[in-house]
Amino acid sequence: MTTPAPPALPPVTGHRGAKGHAPENTMAGLKKAVDLGARWVEFDVKLTADNELVLIHDDTVNRTSNGKGAVAGMTLSDIRKLDAGRWFSADFTGEPVPTLAEAMDYLAAKGIGANVEVKACPGREAETGAAVARALAGRWFGGPAPILISSFSTDSLAAAGQAAPQIPRGFLTLKFIKDWAARMDELKCATFHVLDRRFTEARTRAIREAGYRPLAYTVNDPARARELLSWGVESIITDYPDRILAAIK
Ligand code: G3P
Ligand code: MG
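What you see is a predicted model; the values in this text were computed from it and never measured.

## Things to note about unusual backbone geometry
Negative phi characterises most residues that are not glycine, and trans characterises most peptide bonds.
Reasoning step 1: A cis geometry characterises the amide bond from Y217 onward to T218, with omega recorded as -25°.
Reasoning step 2: Secondary-structure assignment places T218 in the loop between β8 (213–217) and α8 (222–231).
Reasoning step 3: At R16, a residue that is not glycine, the phi angle is positive and equals roughly 50°.
Reasoning step 4: Residue placement: R16 occurs in the loop between β1 (12–15) and α1 (27–35).
Reasoning step 5: Exposure remark for R16: the relative accessible area of 11% places this residue in the buried category.
Reasoning step 6: One non-glycine residue with positive phi stands out, namely K188, at about 55°.
Reasoning step 7: Mapped onto the secondary structure, K188 falls in the loop between α6 (180–187) and β7 (191–195).

This is the structure:
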């Protein structure tokens, strides 16, 4: 398997849409990020009980909707009845949990890059990675929205790579694990997405010298974003695309 790579990423990627301004992982959030100037957005995807792909971060709907329960135990129809906006602000009342198709159709229409994070429900890592890759390859990959699949799960990344090896992949970590380069090579990942505070200038250099492309999450402090970018981090994943964009003008 080769290592496909996404096109050059912009310095700012909206996190879960624009998490600081609108409910995460909703269409309103994706639109907000685009309105604020983000050219790429990151969002989280899971499989429902009936194998539909939806945007949601947690394993349950409890925090980000007016419902309760595990995503893995709910059908798309159950999930679509929920209000995923009101918990954030009354301004977003009635905002539904979007499907991957809705998100991708919107991003393709706008030519916005999609960092699709496979955030599988426990035990569904491989099937979610494969389902995301198959869906993207079947309809949107190669179209106007550039695509990068990322995940913390090596099982999700491996399955995505098997299902659609042509789609670029990124490896997410919370820690600067010792064997990161071996993992990147094994999974044929082009981008390495690391928690903000793990970055040092030397580590950024090491990632780039090894031929990989560093991304930092989640960075909301403009001064830190400038520092990371000056070291060679390629894109800052942020809840506030507007603040970071203003700081790097
Ligand atoms: O993809 C970067 C970031 O979204 C990873 O963490 O928990 O916000 O999905 P999380
Ligand atoms: Mg994420």
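## Let's talk about the coordination of the magnesium ion (ligand 2)
Reasoning step 1: Distances from the magnesium ion (ligand 2) to its protein donors, namely E42 (OE), D44 (OD) and E117 (OE), fall within the range 2.0 to 2.2 Å.
Reasoning step 2: As a motif over one chain, the donors of the magnesium ion (ligand 2) read E-x1-D-x72-E. Note that D44 is positioned in strand β2 (residues 40–47) and E117 in strand β4 (residues 113–118), a separation of 73 residues in sequence. A single burial state applies to D44 and to E117, both of which are buried.

## Side note on empty space enclosed by the protein
Reasoning step 1: Tallied over the entire structure, the rule returns one cavity of 30 Å³ or more.
Reasoning step 2: Of the volumes computed, that of the largest cavity is approximately 50 Å³.
Reasoning step 3: In terms of lining residues, the largest cavity is bounded by E24, N25, T26, L55, I56, H57, T64, A84, P96, V97 and P98.
Reasoning step 4: In terms of residue class, the lining of the largest cavity is made up of six nonpolar, four polar and one charged.

## A look at the environment of E186
Reasoning step 1: Its location among the elements puts E186 in helix α6.
Reasoning step 2: For E186 and R86, which are 100 residues apart along the polypeptide, the C-alpha to C-alpha distance reads 42 Å.

## Topic: the site of ligand 1
Reasoning step 1: Around ligand 1 sit H15, R16, E42, D44, H57, E117, K119, F152, L172 and Y217, and that is every residue in its neighbourhood.
Reasoning step 2: In the environment of ligand 1, an oxygen atom lies 2.8 Å from a nitrogen or oxygen atom belonging to the side chain of R16.
Reasoning step 3: D44 is positioned such that a nitrogen or oxygen atom in its side chain is 3.1 Å from an oxygen atom of ligand 1.
Reasoning step 4: Assessed atom by atom at 2 Å from the grid points, ligand 1 resides in the largest pocket.
Reasoning step 5: When grouped by side-chain class, the residues that make up the shell around ligand 1 number three nonpolar, two polar and five charged.

## Thoughts on the nonpolar core
Reasoning step 1: Residues F43, M104, L107, V116, L136 and I149 are the most contacted members of the largest nonpolar core, which totals 33 residues.
Reasoning step 2: In terms of residues, this core owes the most to one element, helix α3 (residues 100–110), which gives six residues.
Reasoning step 3: Other than its neighbours up to four places away in sequence, F43 contacts R16, N25, L30, L55, L100, A103, M104, L107, A114, N115, V116 and E117.

## With respect to the packing of aromatic side chains
Reasoning step 1: Considering all chains together, one arrives at eight aromatic pairs under this definition.
Reasoning step 2: With centroids separated by 6.1 Å and ring planes inclined at 85°, the aromatic side chains of F152 and Y217 adopt a geometry described as edge-to-face. Remark: Y217 occurs in strand β8 and F152 occurs in the loop between β5 (147–151) and α5 (154–163); sequence separation between them is 65 residues.
Reasoning step 3: Judged by centre distance (5.1 Å) and plane angle (15°), the ring pair of W180 and F192 falls under stacked. In this pair, W180 is assigned in helix α6 and F192 in strand β7, connecting sequence segments 12 residues apart. With respect to class, W180 is no different from F192; both count as buried.

The rules behind the values
Chains are numbered independently. Their residues run from 1 in the order of the written sequence. Chain labels run from A onward and ligand labels from 1 onward, assigned in the order the entries are written. Confidence filtering applies because this is a predicted model: local features only for residues at pLDDT of at least 70, side-chain atom pairs given and counted only at 80 or more, and all residues used for totals across whole chains, interfaces and linings. With hydrogens and water stripped out, all remaining heavy atoms of the structure feed into the side-chain values. Each helix corresponds to a stretch of at least 4 residues labelled H or I by DSSP, and each strand to a stretch of at least 2 residues labelled E; elements are numbered beginning at the N terminus. Using a 1.4 Å probe on the protein chains alone, a residue whose accessible area is under 20% of its type maximum counts as buried, one over 50% counts as exposed, and one in between counts as partly exposed. A 2.8 Å cut-off from the metal defines N, O and S donors, relaxed to 3.2 Å for Na, K and Ca; water is not in the atom list, so some sites may appear incomplete. Cavities and pockets are defined on a 1 Å grid built over the protein atoms alone: a cavity is a set of grid points where a 1.4 Å probe fits but cannot escape, while a pocket is an open set with protein on both sides within 12 Å along at least five of seven lines, and lining residues are those with an atom within 4 Å of any such point. Grid points are joined across faces, edges and corners, and a volume is the space filled by probe spheres set on the points. For this classification, the nonpolar set comprises Ala, Val, Leu, Ile, Met, Phe, Trp, Tyr, Cys and Pro, the charged set comprises Asp, Glu, Lys and Arg, and every other residue, Gly included, is treated as polar. Throughout, near means a residue has at least one heavy atom within 4 Å of the molecule or strand. Counting of polar contacts relies on pairs of N or O atoms within 3.5 Å, with two restrictions inside protein: one atom must be capable of donating a hydrogen and the other of accepting it, and residues adjacent in sequence are counted only when both atoms are side-chain atoms. Molecules are considered to sit inside a cavity or pocket once more than half of their atoms lie within 2 Å of its grid points. The term nonpolar core refers to a set of buried residues drawn from Ala, Val, Leu, Ile, Met, Phe, Trp, Tyr and Cys, joined through side-chain atoms within 4.5 Å. Contacts between residues were defined by any pair of non-hydrogen atoms, one from each residue, lying within 4.5 Å. The aromatic pairing rule takes the rings of Phe, Tyr and Trp, using the six-membered ring of Trp, and pairs them if the centres are within 6.5 Å, calling planes under 30 degrees apart stacked, those over 60 edge-to-face and the rest tilted.

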